[in-house]
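# Observations on the model geometry
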Amino acid sequence: MACEIPLGEYLDGELAADARRLLEVHLTDCAECRRRVDLERAFKEIYTTPLRPEEAPPDVRRRMMQWNLESYRADQSPNQVTPPEFVAAEHLDRLTMPVLATWGTLDVTSTLRSGEWLVANLPGIRSRVFEGVAHMVNLERPAEFNQMLREFLDESERAAR
Ligand SMILES: [Zn+2]
C-alpha cells in the first residue's frame with residue numbers, strides 16, 4: 001500500500017513550509033516514497049526538456065508503456081469497432097491548411113477506422129500509415145516520423161509560396 005503524499009504539490013513547490021518539512025522527514029525514512037519522487041522528477045524533466053525517447057530513463061519509459069497498456073485495456077475490448085463520432089467531423093470542409101494524418105497498423109480499431117475515415121472525407125489530406133507501429137508513432141519510429149514531418153512541412157511551405 002503506497003503512502004498518501006502530496007507528490008505533485010511537493011515537486012511544484014506548492015507545499016507550505018511545515019508540510020514540506022514533514023514530507024522531507026518522511027522521505028528520509030521511506031525508500032518507496034523517495035523512489036516515487038525520483039521517478040516523478042524524471043517525468044517532469046521529460047515533459048520540460050527536449051529529449052529523444054531512447055534518452056529517457058528506463059524507469060520512466062516502462063511507466064509510460066504501462067500507462068498506455070492500462071488505458072488500452074480499460075477502454076477497449078478486442079475487435080471493438082467505434083465509428084468516429086467527433087463533432088469536428090462535421091466541420092472538415094472549413095479546414096484551409098495542409099493536413100497530415102498518421103497512424104500505426106497496430107493501433108486500436110477505432111483509431112484505424114478514424115484515420116481511414118479522415119482520408120476518405122478530407123480532400124487533399126496526406127496520410128502515412130506505419131506498419132507494425134501502435135499508438136505512439138513519434139516515439140516508436142522517431143527518425144521516420146521526423147523525416148515524414150519535415151517533408152510534409154517543407155512541401156506545405158513550398159506550396160504556400
Ligand atoms: Zn512513504
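It should be noted that the structure appears before, not after, this text.
For clarity, every value in this text was computed on a predicted model and none was experimentally measured.

A separate point is the overall build of the protein. Summing up its helical and strand segments, the protein has seven helices and two strands in all. Put simply, the protein runs from its N terminus to its C terminus through helices and strands in the order α-α-α-α-β-α-β-α-α. Sequence-distant contacts, at least 24 apart, represent 62% of the contacts inside the protein between residues at least 6 apart.

Glancing now at the pairing of strand 2 (residues 126–130). Pairing analysis gives five bridges linking strand 1 (residues 100–104) to strand 2, with the strands arranged parallel. Bridged to Ala101 within strand 2 is Ser127. Following the chain from strand 1 across helix 5 (residues 109–121) to the adjacent parallel strand 2, one finds a crossover that is right-handed.

Between its first and last C-alpha atoms helix 7 (residues 142–160) spans 27 Å; for 19 residues at 1.5 Å apiece the expected length is 27 Å, and the two agree. Within helix 7, only zero of the 19 residues are buried, leaving the element largely exposed.

For Arg63, the location among the structural elements is in helix 4 (residues 58–75). Taking the C-alpha atoms as reference, Arg63 lies 9.1 Å from Leu39; in sequence the two are 24 residues apart.

Analysis parameters
- Residues numbered from 1 in each chain as written.
- Predicted model: local features only at pLDDT ≥ 70, side-chain atom pairs only at ≥ 80, totals over all residues.
- Helix = DSSP H or I, 4+ residues; strand = E, 2+ residues; numbered from the N terminus.
- Contact = placed C-beta atoms within 7 Å.
- Pairing = 2+ DSSP bridges.
- Right-handed = clockwise from strand over helix to strand, strands pointing away.
- Expected span 1.5 Å × (residues − 1).
- Buried ≥ 20, exposed ≤ 12 C-beta atoms within 10 Å, placed from the backbone.

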